[in-house]
Amino acid sequence: MQGAHRIDIGRPRRLALHHRALLPFGAALALLLFVVSGCQPGATEAGPASSAAGTTASAFVEAGGAFPQQWPFAAEDLPVRATEGMVATTDEYASRVGVEILAAGGNAVDAAVATGLALAVVNPEAGNLGGGGFMMIRLADGTVFAQDHREKAPLAATRDMYLDADGNVTDRSVRGHLAAGVPGTVSGLWEAHQRFGTLAWTEVVQPAIDLANGFEVTTRLVSTLDAAQEGIRAFPQGARIFLPGDAVPGIGDAFAQPELAAVLARLRDQGPDDFYRGETAALIAAEMERGGGIITLEDLDGYESVWREPVAFDYRGYTVHSMPPPSSGGLTMAAIANIVERWDLGAMGWNSPETIHLMAESFRRAYADRNEYLADPDFVELPADEFLSEAYADSRAATISPERATPSAEVRPGIDAFVDESHTTHYAVVDGQGNAVAVTTSINSWYGGKVVVEGTGFFLNNTMDDFAAKPGTPNQFGLVQGERNAIGPGKRMLSAMSPTIVEDPAGDLFLVTGTPGGATIITTVLQSIFNVVDHGMNVVQAVHAPRVHHQHLPDLVFFEHGGLRAATASALETLGHTVRERDPGPPDAYFTGGMSGDLQLIMAMPDGSWAGWSDPRRGGRTLGR
Ligand code: DON
């Protein structure tokens, strides 16, 4: 069937002006789908919309928009509103800490640091001291900063350290001591506070200590412990704390972490010196020796977080600021957005076959280049300018057909001009002055490599798996990455984490967005932006809306359980896509019951107030003041 009905759509053109739709692509594809599959052309679940709104009466709803019938989240819920500041996280305790710091006179950076440390206590599956992350900061005066506190490979790491004698990848990059990179979170939070914080360090650390002295176990903690208990049980020092009496604690049980409280008290009193050079460093090094890991005192002492130049790109007149490498987020989002911008997503309709086809084709191409070219910029030369260029988007867009999905096998890394010379939880804070912070932080899998450092109460990451343990073979997220992201001593592994801040066409703060979700982070964050900018959704709808994902390999369009009408799925199959519904079974490393992501989204409203929403997929909570 594919290609049987050729329609001349011409070539995609550059959208010189930021208005909708100069191209007949959507209409041509709708007609094609009608002809080949019997689908009603333009049978979309939401009509085009013209403006974003934070309240219920969004253009999405006014245009008759609705989520698929079986979808569990409503389009009509009211967002959280506030005037003085807002904190959106996956956990109510952590959001409360952030809001209380704002109420005490702290700015968004103070609140973000306190919130991050609180998450390290109440959200031990992802919030962390033993991992790393990225922080985007936009000050009220419009200046934007990117803080990289990604883990680094230990100095003793080698390219083939996870291969067995036959050259096959083992599970040692995912489980146990060897999976851990040198943690960066403590350094990053300290640096951000040193540079922009206004409250005393002791004041922003104290709430986490209080929580470590005891809080009531939440539903989310129980469900993630349930999912990860087998792995945790393999290492008794963590099982003793997190599976007391060899069982997952009950919802509402009092849960105290005295060893973690002691680590945090040393952090409060000694700053990062204790973690990188003091008692905590010694405990980490001892744990490594005991368990056959390779992080040394020298690695810890040598760790430094880095301020980097943020990635900025234009999307239909909005300016998107996100993380540069070693996160792939900013550049990959730029590449996708520049391709997608050549068509009118709004007119094609939200969740329509036309829109999903175009997104999937753009995702596929940009991920092919992400997986091949991006890595730690301190080690590898990167074609960063190509990802941002109109020429790149032109050449990639020109190969997208409305008639058929391009098999990923035919989509090779496509930056010809580049000469290679050698070589998770997310939270968002805004304050009353208009400063904004977005942070994504991770120990990679839930509870990382499942190893707690004896005497500290925190889990170590398994982020070494974000390297290409064997270039060309998939990691735990199915990402097939290249030689540039091979393991090297002292090198940072490529990330998808994409904390992102968007300005409106007037240059004012508009959205603060981000999510966990491994390889799906980039497409989830982008869809939160498309939902608002192209489909006119309000902040709740932009979070609730079901999402799709494609990452080049495997060659599949993923959709969330219940997130696509059967007719839409079959229209996509007709075009040659293989469509895969997420398994609603028990959660794994990054999917929760057939869902993907955990967006935390804050939107600046025209009247100067905030509207915000936390993803119900993992039960988060936005609080305002
Ligand atoms: O940096 C990355 O891309 C991954 N380590 C992120 C892992 C993640 O999001 C897990 N999420 N739930």
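Residues numbered from 1 in each chain as written. Predicted model: local features only at pLDDT ≥ 70, side-chain atom pairs only at ≥ 80, totals over all residues. Heavy atoms only, no water.

Draft legend 1. Focus on the overall build of the chain. Across its full length, the chain carries 20 helices and 21 strands. Every one of the 625 residues in the chain was classed for burial, and the buried ones make up 65%. For the chain, the accessible area works out to roughly 20200 Å², and carbon and sulfur atoms hold 51% of it. (Helix = DSSP H or I, 4+ residues; strand = E, 2+ residues; numbered from the N terminus. Buried < 20%, exposed > 50% of the residue type's maximum accessible area, 1.4 Å probe, protein only. Areas by Shrake-Rupley, 256 points an atom, 1.4 Å probe, with all protein chains shown as cover.)

Draft legend 2. How the structure looks around the sheet that holds strand 9 (residues 318–322). With antiparallel pairing, the 7 strands of this open sheet are ordered in space as 1-20-19-13-12-9-8. The outermost strands of the open sheet, each flanked by one partner alone, are strand 1 (80–82) and strand 8 (311–315). Sheet twist, expressed as the mean angle between neighbouring strand axes with direction ignored, is 20 degrees. Of the pairings in the sheet, the one linking strand 9 to strand 12 (residues 500–503) comprises 3 bridges and is antiparallel in character. Bridged to Val320 within strand 12 is Val502. Sheet strands in contact with helix 18 (residues 521–533) are strand 8, strand 9, strand 12, strand 13 (509–513) and strand 19 (600–604), and its direction is about 145 degrees off that of strand 13. (Pairing = 2+ DSSP bridges. Axes fitted to C-alpha atoms, helices over the stretch in contact; angles between N-to-C directions. Contact = heavy atoms within 4.5 Å.)

Draft legend 3. Region of interest: the nonpolar core. In this structure, Tyr315, Ile336 and Val512 are the most contacted members of the largest nonpolar core, which totals 92 residues. Core analysis: the next-biggest nonpolar cluster, separate from the first, contains 79 residues, Leu129, Phe235, Phe242 and Ile443 among them. (Core = buried A, V, L, I, M, F, W, Y, C linked by side-chain atoms within 4.5 Å.)

Draft legend 4. Expanded view of the packing of helix 4 (residues 108–122) against helix 5 (residues 185–196). Interaxial distance between helix 4 and helix 5 falls to 9 Å at its minimum, and their mutual angle equals 160 degrees. When the interaxial angle is binned, helix 4 and helix 5 end up roughly antiparallel. Helix 5 is crossed by helix 4, and the crossing has left-handed handedness. For the pair helix 4 and helix 5, the contacting residues are Val109, Asp110, Val113 and Leu117 in the first and Leu189, Ala192, His193 and Phe196 in the second. (Parallel < 35°, antiparallel > 145°, perpendicular 65-115°, else oblique. Left-handed = near helix turned anticlockwise from the far one by under 90°.)

Draft legend 5. Layout of helix 7 (residues 219–233). With 15 residues, helix 7 extends 20 Å between its outermost C-alpha atoms, agreeing within 8% with the 21 Å of an ideal straight helix rising 1.5 Å per residue. On its buried side, helix 7 packs onto helix 4, strand 5 (215–216) and helix 8 (236–242). (Expected span 1.5 Å × (residues − 1).)

Draft legend 6. Highlighting helix 15 (residues 353–373). End to end, helix 15 covers 30 Å across 21 residues, agreeing with the expected 30 Å (1.5 Å per residue, within 8%). Within helix 15, 20 of the 21 residues are buried, which leaves it mostly tucked inside the rest of the structure.

Draft legend 7. Quick peek at the site of the ligand. Of all residues adjacent to the ligand, which total 16 residues, the nearest are Thr424, Asn444, Asp466, Ser495 and Ala496. The contact in question runs from an oxygen atom of the ligand to an N or O atom on the side chain of Arg150, over 2.9 Å. One of the backbone nitrogen or oxygen atoms of Ala496 is found 2.7 Å away from an oxygen atom of the ligand. Alone, the ligand offers 340 Å² of accessible surface; in the complex the protein occludes 98% of this. Among the residues forming the shell around the ligand, the class breakdown is 7 nonpolar, 6 polar and 3 charged. (Near = heavy atom within 4 Å. Polar contact = N/O pair within 3.5 Å; in protein donor to acceptor, adjacent residues only side chain to side chain. Nonpolar A, V, L, I, M, F, W, Y, C, P; charged D, E, K, R; others polar.)

Draft legend 8. The sheet that holds strand 2 (residues 86–89), seen in detail. With respect to topology, 7 strands assemble into an open sheet ordered 7-4-3-11-10-2-21, the strand pairing being antiparallel. A strand with exactly one partner marks an edge of an open sheet, and here the two such strands are strand 7 (306–308) and strand 21 (621–624). Strand-to-strand twist of the sheet, defined as the mean angle between neighbouring strand axes without regard to direction, takes the value 15 degrees. Contacts from helix 3 (residues 92–103) reach strand 2, strand 10 (425–430) and strand 21, with the element oriented near 160 degrees to strand 2. Its contacts with the sheet put helix 5 on strand 3 (132–138), strand 4 (144–149), strand 7, strand 10 and strand 11 (436–442), and the angle it makes with strand 4 is roughly 150 degrees.

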